[in-house]
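# Structural features, examined
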Amino acid sequence: MSDHNDSVESMDDVDLLCDEMENLTEMLDIEDVPSALIIANIDNSVFEDPAAQTTFENIFKEIDKGVTFIYLKNFRRARLQFISSELASIARLRYDGVSVCGQSIRCYFIQHVRLQNSDSNHLQPPAPQRMFLISPPASPPVGWEPVPEAEPIINYDLLHAIARLNPGDVHEVHASTVEAPAIVVHLCEDPEGYEPGKMRQKITQTKRPDGTS
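Residues numbered from 1 in each chain as written. Predicted model: local features only at pLDDT ≥ 70, side-chain atom pairs only at ≥ 80, totals over all residues. Heavy atoms only, no water.

Under the annotation held in an unreviewed UniProt entry, the protein carries the name Calcipressin-1-like isoform X1 and is attributed to Biomphalaria pfeifferi.

### Focus on the environment of phenylalanine 56
Within the element layout of this structure, phenylalanine 56 appears in helix H3 (residues 50–61). Relative accessible area serves as the criterion here: at 0%, phenylalanine 56 is assigned to the buried category. In sequence terms phenylalanine 56 and valine 100 are 44 residues apart; their C-alpha atoms lie 6.9 Å from each other. Not counting residues up to four positions away in its chain, the partners in contact with phenylalanine 56 are Ile39, Ile42, Val46, Phe69, Tyr71, Ala78 and Val100. (Helix = DSSP H or I, 4+ residues; strand = E, 2+ residues; numbered from the N terminus. Buried < 20%, exposed > 50% of the residue type's maximum accessible area, 1.4 Å probe, protein only. Contact = heavy atoms within 4.5 Å.)

### Topic: the confidence of the model for the protein
On average, residues of the protein carry a pLDDT of 77, and 71% of them reach 70 or more. This stretch, residues 1–11, has a pLDDT under 50; its non-local contacts, to residues over four places away or in other chains, come to 22 contacts. (pLDDT = per-residue confidence, 0-100.)

### Observations concerning a nonpolar patch on the surface
On the surface, Ile70, Leu72 and Phe75 cluster together into a nonpolar patch covering about 310 Å² of accessible area. Among the secondary structure elements, phenylalanine 75 is positioned in the loop between strand E2 (68–72) and strand E3 (77–81). Given the relative accessible area of 63%, phenylalanine 75 is considered exposed. (Patch = residues over 30% accessible without salt bridge, like charges linked within 9 Å, V, L, I, M, F, W, Y side chains within 5 Å. Areas by Shrake-Rupley, 256 points an atom, 1.4 Å probe, with all protein chains shown as cover. Salt bridge = Lys/Arg side-chain N within 4 Å of Asp/Glu carboxyl O.)

Next comes the structure, spelled out in structure tokens:
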């Protein structure tokens, strides 16, 4: 495709735009049409060669000389912002499927994001049908009463049995029966020089290997 002028100056181009506008108003409601297009399937030369990029831009500047371009090289796309929805619609009708720089491009309108509340320019929170609390409530429920803490259970028989254990003696914890053997505890005596709280196991350092091979 050959290079195009930067603006629409000839009367033939003006008449053509008027005809396309009349056809467009019969097909679409202009108030609902966005003023930006996404151009997909762009040839790689548009992103790498300045001359090819100029050719690509001049095509759309024939319709709107104030159009702006944002290139998305990784997706082989570009975002075009026109000054009005009418000019964006004409560009889509005229150039969708047209070969530009050896590649057939596709033109799409940018989707409108409709807000739930038309009186606000901010997104509204979702409806609270499925909102659940993850953390426990800040205050106890109605009718809740604290449970008094139970007193500790002291097994005096167990304490007495432990007090009777002497080092070096054999203590029979459970007598033998026909079905089970007896349970006998042998207490070891403390080693010579043992002091509680001071005896620590010595960690043997690993010997360094010889440097000779």
